[in-house]
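# Tertiary structure, described
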Amino acid sequence: MKPAPFRMYAPHTVAQAVATLAALEAEGQHAKVLAGGQSLVPVLAMRLAEPGHLVDINGVAGLDAIDVSSAGVRVGALVRHAELLRHAEANRVQPLLSQALNLVAHATIRNRGTTVGSLAHADPSGEMTAVLVLTGGSVTAVSVRGEREIPAAEFFVGPLESSLAADELALSAFFPAAPAGAGTAFVEMARRHGDYALSGVGAVVIPGPSRDEGAPTISVSCGFLSVSETPLVLDLSDAWAAGEDSVMAVVRAAIDPQDDIHASADYRRHITGILAVRAIREALARVREEQAA
Ligand SMILES: Cc1cc2nc3c(=O)[nH]c(=O)nc-3n(C[C@H](O)[C@H](O)[C@H](O)COP(=O)(O)OP(=O)(O)OC[C@H]3O[C@@H](n4cnc5c(N)ncnc54)[C@H](O)[C@@H]3O)c2cc1C
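Residues numbered from 1 in each chain as written. Predicted model: local features only at pLDDT ≥ 70, side-chain atom pairs only at ≥ 80, totals over all residues. Heavy atoms only, no water.

## What about helix 1 (residues 14-26)?
- Helix length check: helix 1, at 13 residues, gives a terminal C-alpha distance of 18 Å against a target of 18 Å (1.5 Å per residue), a fit within 8%.
- Of the residues making up helix 1, those classed as buried are A17, V18, T20, L21, A22 and L24.
- On its buried face, helix 1 sits against strand 1 (7-9), strand 2 (31-34), strand 3 (53-56), strand 6 (138-143) and strand 10 (169-176).
- At the exit of helix 1 stands G28, carrying a positive phi of roughly 75 degrees. (Helix = DSSP H or I, 4+ residues; strand = E, 2+ residues; numbered from the N terminus. Expected span 1.5 Å × (residues − 1). Buried < 20%, exposed > 50% of the residue type's maximum accessible area, 1.4 Å probe, protein only. Contact = heavy atoms within 4.5 Å.)

So, in structure tokens, the structure goes:
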């Protein structure tokens, strides 16, 4: 199939891009931002969406920066998955980035698809959506009304639905640094490498100072993809202290996977419990490696 006809706009500045979006919104027109096109173009080609206007941001200056500080990693709207994956400093500050990006689609898609675009697309099967919520990150949005920072917990409102307004551009995403001494891991199961995952889990394990009055000595949190309408984060510290069976039980009770042609909900529920334990074990092994070094 071919896309329905649309009009293309090629702004060179953020101001031009948001002015175009605002003008189209004021006229009641359906417009979409075009970034890497790896999700939008197939949707257009299958006529699952028929926006009359595409605002192509690929020529907008200043959106391709990766800024790394001790606080975290800020990723501009035109940073391709592959660029972020290759950025050694960004991945030193927040290792979940490369651990998850390695599992995003295939190299050709990562060369073109943008990390911020995958957040704006808000697919609960997208690895980076889970990383954003797990790290407690945020998205900076801009419109003619100015900029606003949207915390990850408020950014994803439903499958393929973010809290971005129709006339807003996602300018950048911020992924906070991994806490000192933390171990992280990202694991998933897909039918073929590069496919969207049937289920995926990211883990952050932070060793605590000492055991007091039965409190868990380590903090364990996991982010999940493909098993709920929006990416989910669970604090599994108590469950981990109680044992791996407890982690699996808590995870399976908390998620809400769906049946589809790739796997049943029951299968997804089952493997997600196992993947959570696997991710925590891997993250913990990294903590121990770090401590031993
Ligand atoms: C075969 C295949 C396999 C894939 N597998 C995976 C996978 O395993 N995991 C995964 O996470 N992804 C996967 N993807 C999707 C890929 O990661 C996309 O790159 C990503 O989801 C969207 O990024 P994009 O830059 O291509 O966005 P686009 O396709 O250009 O846009 C996607 C949506 O986001 C909006 N948008 C994009 N950027 C902005 C912005 N700055 N501000 C406001 N709105 C914006 C667009 O309007 C559109 O609605 C796959 C894609 C394909 C084709």
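On we go from here.
## Some remarks on the domain arrangement of the chain
- When the domains of the chain are assigned, the result is domain 1 (66-138 + 148-161 + 172-176) and domain 2 (183-292).
- Once you take the C-alpha centre of each, domain 1 and domain 2 turn out to be 19 Å apart.
- Together, the buried faces of domain 1 and domain 2 total about 1,800 Å²; carbon and sulfur atoms form 67% of this surface.
- Three residues, L103, P124 and L134, lead the burial of domain 1 against domain 2; their summed loss comes to 30% of the area buried on that side.
- In this structure, the connection of domain 1 to domain 2 is made through four residue pairs in polar contact (both at pLDDT 80 or more). (Domains from an automatic or database assignment. Buried area = accessible area lost by both parts, 1.4 Å probe. Polar contact = N/O pair within 3.5 Å; in protein donor to acceptor, adjacent residues only side chain to side chain.)

## Considering the packing of aromatic side chains
- For the structure shown, the criterion picks out one aromatic pair.
- Ring plane angle 90 degrees and centroid distance 5.1 Å describe the contact between F155 and F156, whose orientation is recorded as edge-to-face. (Phe/Tyr/Trp six-rings, centres within 6.5 Å; stacked < 30°, edge-to-face > 60°.)

## Some thoughts on the site of the ligand
- Neighbouring residues of the ligand: 30 residues in total, closest V33, G37, L40, T114 and E127.
- Note that an oxygen atom of the ligand is positioned 2.8 Å from one of the backbone N or O atoms of G36.
- The side chain of H81 places a nitrogen or oxygen atom 3.0 Å from an oxygen atom of the ligand.
- Protein chains bury 89% of the 960 Å² of accessible surface belonging to the ligand in isolation.
- Placement of the ligand is best described as lying within the largest pocket.
- Those elements giving two or more residues to the shell around the ligand turn out to be strand 2, helix 7 (115-121) and strand 10.
- Here the element with the most residues in the shell around the ligand is helix 7; it accounts for four residues.
- A breakdown of the residues in the shell around the ligand according to their chemical character gives 15 nonpolar, 12 polar and three charged.
- Of the domains in this structure, domain 1 (66-138 + 148-161 + 172-176) and domain 2 (183-292) are the two that each give at least three residues to the shell around the ligand. (Near = heavy atom within 4 Å. Areas by Shrake-Rupley, 256 points an atom, 1.4 Å probe, with all protein chains shown as cover. 1 Å grid on protein atoms, 1.4 Å probe; cavity = no way out; pocket = protein on both sides within 12 Å on 5 of 7 lines; lining within 4 Å. Sits in = over half its atoms within 2 Å of the grid points. Nonpolar A, V, L, I, M, F, W, Y, C, P; charged D, E, K, R; others polar.)

## Regarding the layout of surface pockets
- Here the largest pocket is characterised by a volume of approximately 1,400 Å³.
- Along the walls of the largest pocket sit 49 residues, with S39, L40, G117, A120 and H121 positioned nearest its centre.
- Counting residues per element, the ones that place at least two in the lining of the largest pocket are helix 1, strand 2, helix 2 (40-45), helix 7, strand 9 (161-162) and strand 10.
- Broken down by element, the residue count for the lining of the largest pocket peaks at five residues, all from helix 7.
- Each residue belonging to the lining of the largest pocket can be placed in one class, and the counts come to 26 nonpolar, 16 polar and seven charged.
- There are two domains that each give the lining of the largest pocket at least three residues, and those are domain 1 (66-138 + 148-161 + 172-176) and domain 2 (183-292).
- As for the second largest pocket, its lining consists of 22 residues, of which S125, Y196, D260, H262 and R268 are closest to the centre.
- A breakdown of the residues in the lining of the second largest pocket according to their chemical character gives eight nonpolar, five polar and nine charged.
- Per-domain counts for the lining of the second largest pocket show at least three residues from each of domain 1 (66-138 + 148-161 + 172-176) and domain 2 (183-292). (Points joined across faces, edges and corners; volume = space filled by probe spheres on them.)

## Considering helix 8 (residues 127-135)
- Buried residues dominate helix 8, accounting for nine of its nine residues.
- Listed as buried for helix 8 are E127, M128, T129, A130, V131, L132, V133, L134 and T135.
- After helix 8 finishes, the residue G136 shows a positive phi value of roughly 70 degrees.

## So, the sheet that holds strand 12 (residues 199-207)
- Reading across the sheet, the four strands line up as 11-12-13-14 and stay open at both edges, with antiparallel pairing between neighbours. Each having just a single partner strand, strand 11 (183-189) and strand 14 (232-235) make up the two edges of the open sheet. Taking the axes of each pair of neighbouring strands and ignoring which way they run, one obtains an average angle of 15 degrees across the sheet.
- As paired strands, strand 13 (residues 218-225) and strand 14 are joined by four bridges and run antiparallel to one another. Note on strand 14: the bridge partner recorded for S221 is D235. (Pairing = 2+ DSSP bridges. Axes fitted to C-alpha atoms, helices over the stretch in contact; angles between N-to-C directions.)

## Examining the pattern of salt bridges
- All chains considered together, the criterion is met by eight salt bridges.
- Its salt-bridge partner being D167, residue R145 comes within 2.7 Å of it at the nearest N-O pair. Note that R145 is positioned in the loop between strand 6 and strand 7 (146-151) and D167 in the loop between strand 9 and strand 10, a separation of 22 residues in sequence.
- By relative accessible area, which is 57% here, R145 ends up exposed.
- Residue D260 pairs with R268 through a salt bridge whose shortest N-O separation is 3.1 Å.
- The class of R268 is buried, set by a relative accessible area of 5%. (Salt bridge = Lys/Arg side-chain N within 4 Å of Asp/Glu carboxyl O.)

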